[in-house]
Amino acid sequence: MEFGLSEQDCAMAASVRSLLAARSPRNRVRDIVSGADAGDAVFADLAAAGWLAAAVTEERGGLGLGVLQLAVVAREAAAALLPEPLTSAMLAATLLAASGYDEDGLLEDVLAGTVRLALVHHAAGQPWVAAELHAPGEAGVDAEPDVLGVQEENGMLDGAVDIALDADRAELLLVPARSASGDVSWWLVSRDGLGVAVQRVEAMDPLAHLCRVELRGARGRAVSGGRRLLTVASQLGALLMAAELVGLAEQAVRTTVEFTGQRHQFGKPIGSFQALKHGLAESHTLTHMATNAVWYAADALDQDRPDRQRAVSVAKAAAGDAARMATAQMVQFHGGVGFTWEHDAHLFFKRAVWADLLFGDSAEHREHLVSRAEAM
Amino acid sequence: MDLTESPSDAAFRAELTAWLDENLTPEWTEPSGDEEGWFLRSLKWDQLLAEAGWQAVSWPEEFGGRGATPSQQAIFDEELARRGAPRQSNQQGIRQFAVALMVHGTPEQKAEHLPKIRTSVEIWCQGFSETEAGSDLANVRLRARLEGEEFVLDGSKIWTSNAQHAHWIFCLCRTDPDVAKHAGMTMIMLPLDLPGIEIRPLIDMTGAHHFNEVFFDGVRVPRANALGGIGEGWSVAQTVLSAERGIAPTLRYATYARELQELLAVARRKRRRGRPVLDDDATRQRFGDLIVRLELLRTHALDIASRTAHGQPLGVAPSMTKLHWSETHQDLGELAMEVGGEAWQAGGSGSEAAAWQQVFLSSRAETIYAGTSQIQKNIIAERGLGMPR
């Protein structure tokens, strides 16, 4: 029995960290925030490392690893405040492979990062969590199509999605739609196609690419997968966001500990005061435990265990709480400086908010867990 | 990462559950009424376990255990907790003191005491805390003066759990007041029926007699009863405290998960403002949060079990465990009082309300004993994060 990251996983995390430090150091991130840099130059290097293909089988051109390794990468990406759409690209690539889509050599291009793909999903006000409600031992019920903002009839797509992560940086959109028959159909839609409008909205987080996508009589290539793929998308999306959230939390704690060790007031480092020690002990504990929950959920998805939805909800809820706590604390414990635009604290603080909201926020996942427990 | 149960763990679980299916009959799991009733039944259960070879499973076989690995010990705790088996009557003896005895004891001391601890012939209690030595345990003042081949003990201990039932006590004593605090202590074992010992009950908030004060007035103890060398008491105490902190979070998880399911059922049944309590969104969020926190405890236990099995350092993980389960259980108790409402404020002995009042009240001590939450946070910050002392 071995829990958590293996030596190889730790080595992978270290190599991701050093590549990101080299290619996307903090001053580059600040240039992107100020608009001096578009923030996409590094994507090709990241794709070349093969991470988009980590959870894809070798037969389909992937690395034959798993969701756990995707989570390791996503955690590092968030800790580095990586501006590139790496996590969303890993999500979309994995889903495309999972659908079995086999035409035009597209999967190969997506895994190599030469074709940019983004999942277009959430309709504002709709719950995102996969409705995989069932009693132990019973067959699962997959996600309901009612949550989707896009309808499809005879291959024509109509509707809108309010927050499509990184849709503006993709040339192809992977779109689930509620079909006229009541099922879920999937489509590959060209971002520049007829009837497709993608608009990046000005988000609270200057690094985020949150986009509104409108489809009016748009068409695309059909992808199989139905409700099952929607369930996978919601679980994998939630899990990768949870990985980002614990990455943000851990980096926030680390940075704050370092600062409180150096900052002196009243003749001592402020980290020697118990109020700060206790606050950081609380966020460190929650972050540490949430990280364990993320690894557990990733493994549950990789092993297709019956408790995978529950594990994902636990991880997402805990990670969201941890990140919001640790990033708020980072602002607070840095004092006045933590409130400035110039300091990085606000970038962590803001990223934690939308990462928590995507794929079901903590409250939504808690509700889901209670519903399941009630049904037992 | 590989969470598949090893064949030996699976075999252990199968053998255990087969035995439990046959031997953990209903009379063991019914509510036991008062404190005395609880203790007597626990003692009988411990004796049954010992006879069947299911007591002290993690002890080496040479001392009557099964050499159970940490994951097997966790399986043991989980299965018994899940089925509501009686709590142990000699927990401190078997899971804490015996560890110190195996590490620090002479062959004679081990041969004399371990078999009796395992069979609960000798029940042990822990003499650590004093009125002036709580969180600051190194401040102990119980004086043990060496006179020839005897120690003479003068002083007192407080919060001594189960002293009223115990046969022996292991005491952290001050043998040398003239050296640095941490260097002048010795761990001394002694039977509680020696002349000069007085035990006074301390009744706790739940109305139960669990804790005691123990007074020592010129108590004479053979020198051979020192565990470890003279002056090594602090190191022996650390062995005991680590063992205490390391006690499977799995046990807590399984017990509290059961409680949470029961409370959910109550919340579904009871009504407030014209609808089931569980229909209220705020209440649902509280339950959801408790589900999350219990699952965090479970995965945390898996991590600790894995690290222990692979000989990797635990760091401050045990402090995180203790901080987390105690605060989670307190929140569960508080939620129970809200769910139960006015009706649960009046609960006769044996009632559902009384059982939940017990959970609510007894959980207030959980953030205090075995290292307060404040001390655990200090440890996590200083030793875990390297923050300045």
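Residues numbered from 1 in each chain as written. Chains lettered and ligands numbered in written order. Predicted model: local features only at pLDDT ≥ 70, side-chain atom pairs only at ≥ 80, totals over all residues. Heavy atoms only, no water.

Our focus in this paragraph is the overall build of chain B. The number of helices and strands found in chain B is 12 helices and 10 strands. Computed over the C-alpha atoms, the radius of gyration of chain B is 22 Å, within 12% of the 21 Å expected from 2.2 N^0.38 for a compact globule of 389 residues. Taking the principal axes of the C-alpha coordinates as reference, chain B spans close to 75 × 50 × 45 Å. When each of the 389 residues of chain B is scored for burial, the buried share is 52%. Of the roughly 16,700 Å² of accessible surface on chain B, 52% is carried by carbon and sulfur atoms. (Helix = DSSP H or I, 4+ residues; strand = E, 2+ residues; numbered from the N terminus. Rg over C-alpha atoms; globule rule 2.2 N^0.38 Å. Buried < 20%, exposed > 50% of the residue type's maximum accessible area, 1.4 Å probe, protein only. Areas by Shrake-Rupley, 256 points an atom, 1.4 Å probe, with all protein chains shown as cover.)

As a further point, take the overall build of chain A. A tally of helices and strands in chain A yields 11 helices and 10 strands. Whereas a compact globule of 376 residues would reach a radius of gyration of roughly 21 Å, chain A reaches 20 Å, a difference of no more than 12%. Projected onto its principal axes, the C-alpha coordinates of chain A cover approximately 75 × 50 × 40 Å. Looking at chain A as a whole, 59% of its 376 residues are labelled buried. Look at the contacts in chain A between residues 6 or more apart in sequence, and 73% of them connect residues 24 or more apart. Counting only carbon and sulfur atoms, one obtains 52% of the accessible surface of chain A, whose full area is about 14,100 Å². (Contact = heavy atoms within 4.5 Å.)

On to helix α4 (residues 67-79) of chain A, then. Because an α-helix completes one turn every 3.6 residues, residues spaced three or four positions apart along the sequence face the same direction. Over its 13 residues, α4(A) extends 18 Å from the first C-alpha to the last, a length consistent with the 18 Å expected when each residue adds 1.5 Å. Positioned one or two residues after α4(A), L81(A) has a phi angle of 55°, which is positive. (Expected span 1.5 Å × (residues − 1).)

This brings us to the interface of chain A and chain B. Taken residue by residue, the interface counts 45 residues in chain A and 39 residues in chain B. Taken together, both faces of the contact between chain A and chain B bury some 4,000 Å²; the carbon and sulfur share is 64%. Taken as a group, M1(A), K277(A) and M289(A) account for 19% of the area that chain A buries against chain B, more than any other trio of residues on that side. Between E295(B) and R310(A) there is a salt bridge, and its shortest N-O distance comes to 2.6 Å. Run the count over chain A and chain B and you get 17 residue pairs in polar contact (both at pLDDT 80 or more). Going through the elements one at a time, α7 (226-262), α8 (274-302), α9 (308-333) and α11 (362-375) of chain A are the ones with two or more residues in the side of chain A that touches chain B. No other element matches the 18 residues that α8(A) contributes to the side of chain A that touches chain B. (Buried area = accessible area lost by both parts, 1.4 Å probe. Salt bridge = Lys/Arg side-chain N within 4 Å of Asp/Glu carboxyl O. Polar contact = N/O pair within 3.5 Å; in protein donor to acceptor, adjacent residues only side chain to side chain.)

Let us now look at the packing of helix α1 (residues 7-23) of chain A against α4(A). All names here are of chain A. The geometry of α1 relative to α4 is characterised by a closest axis approach of 9 Å and an angle of 35° between their N-to-C directions. Considering the relative orientation of α1 and α4, their crossing is right-handed. Packed against α1, whose contacting residues are D9, M12, A13, V16, R17 and L20, the element α4 presents L68, Q69, V72, V73, E76 and A77 at the interface. For the contact of α1 with α4, the per-class residue count stands at eight nonpolar, one polar and three charged. (Axes fitted to C-alpha atoms, helices over the stretch in contact; angles between N-to-C directions. Left-handed = near helix turned anticlockwise from the far one by under 90°. Nonpolar A, V, L, I, M, F, W, Y, C, P; charged D, E, K, R; others polar.)

Right, let's get into the pairing of strand β2 (residues 143-147) of chain B. Examined bridge by bridge, β2(B) and strand β3 (residues 150-157) of chain B share five bridges and lie antiparallel to one another. Each bridged residue has a counterpart across the sheet, and for E147(B) the counterpart in β3(B) is E150(B). (Pairing = 2+ DSSP bridges.)

The next point concerns the packing of aromatic side chains. Residue and element names in this part refer to chain B. What the rule picks out here adds up to 13 aromatic pairs over all chains. Taking 4.4 Å as the distance between ring centres and 25° as the angle between the ring planes, the aromatic pair formed by F97 and F170 counts as stacked. Of this pair, F97 sits in helix α5 (residues 91-104) while F170 sits in strand β4 (residues 168-174), and the two are 73 residues apart along the sequence. The class of F97 is buried, set by a relative accessible area of 0%. The class for F170 is buried, based on a relative accessible area of 0%. Ring centres of W124 and W168 lie 5.2 Å apart, and the angle between their planes is 25°; on these two criteria the pair is classed as stacked. Note that W124 is positioned in strand β1 (residues 124-127) and W168 in strand β4, a separation of 44 residues in sequence. (Phe/Tyr/Trp six-rings, centres within 6.5 Å; stacked < 30°, edge-to-face > 60°.)

As a further point, take the pairing of strand β2 (residues 150-153) of chain A. All names here are of chain A. Along β2, the buried face is formed by V150 and E152; none of Q151 and E153, which line the opposite face, is buried. Pairing between β2 and strand β3 (residues 156-165): four bridges, direction antiparallel. The residue of β3 that forms the bridge with E153 is M156. The loop that links β2 with its antiparallel partner β3 comprises two residues; one of these, N154, has a positive phi angle of about 50°. Bridge analysis of β2 against strand β4 (residues 172-179) gives two bridges, and the strand direction is parallel. Within β4, the residue paired with E152 across the bridge is S179.

Right, let's talk about the pattern of salt bridges for a bit. Per the stated rule, a full pass over the model turns up 56 salt bridges over all chains. Residue D162(A) pairs with R212(A) through a salt bridge whose shortest N-O separation is 2.7 Å. Taken together, the residues D162(A) in strand β3 and R212(A) in strand β7 (residues 210-218) connect sequence positions 50 residues apart. Take D162(A): its relative accessible area is 29%, and that puts it in the partly exposed class. Classification of R212(A) as partly exposed rests on a relative accessible area of 29%. When the shortest N-O distance is used, the salt bridge between R364(B) and E334(B) registers 2.8 Å. Of this pair, R364(B) sits in the loop between α11 (352-362) and α12 (373-384) while E334(B) sits in helix α10 (residues 317-340), placing them 30 residues apart in sequence. With a relative accessible area of 29%, R364(B) lands in the partly exposed category. The partly exposed category is assigned to E334(B), whose relative accessible area is 29%. Residues joined by salt bridges that share partners form a network here, namely E5(B), R13(B), D21(B), E78(B), E79(B), R82(B) and R83(B).

Before going further, it helps to spend a moment on the nonpolar core. Formed by 149 residues in total, the largest nonpolar core has its most connected members in L263(B) and F287(B). It is α7(A) that contributes the most residues to this core, 17 residues altogether. In this structure L263(B) touches F287(B), L332(B), L335(B), A336(B), V339(B), W344(B) and W356(B), once residues within four positions along its chain are discounted. F97(B), L114(B), L137(B) and M187(B) belong to the second largest nonpolar core, which has 28 residues in total. (Core = buried A, V, L, I, M, F, W, Y, C linked by side-chain atoms within 4.5 Å.)

All right, on to the side chain of R307(B) then. By the element assignment, R307(B) lies in helix α9 (residues 281-309). The class of R307(B) is buried, set by a relative accessible area of 18%. Beyond its immediate chain neighbours, meaning those up to four positions away, R307(B) contacts H288(A), Q312(B), P313(B), L314(B) and A317(B).

Looking now at the confidence of the model for chain A. Chain-level pLDDT for chain A is 92 on average; 93% of the residues reach the 70-or-more range. Low pLDDT (under 50) marks residues 131-139 of chain A, which in the prediction has 19 contacts with non-local residues, meaning those over four places away or in another chain. (pLDDT = per-residue confidence, 0-100.)

The next point concerns the environment of L19(A). Residue and element names in this part refer to chain A. Here L19 is to be found in helix α1. Residue L19 is classed as buried on the basis of its relative accessible area of 19%. Residues L19 and D45 lie 26 residues apart in sequence; the distance between their C-alpha atoms is 8.9 Å. Contacts of L19, omitting those with residues within four sequence positions, involve S24, D45, L46, A49 and W51.

On to unusual backbone geometry, then. The backbone of F266(A) shows a phi angle near 55°, a positive value even though the residue is not glycine. One can find F266(A) in the loop between β9 (264-265) and β10 (268-269). With a relative accessible area of 73%, F266(A) lands in the exposed category. The backbone phi angle of A56(B) is positive, close to 55°, even though this residue is not glycine. Looking at where A56(B) falls in the secondary structure, it is placed in the loop between α3 (35-51) and α4 (70-82).

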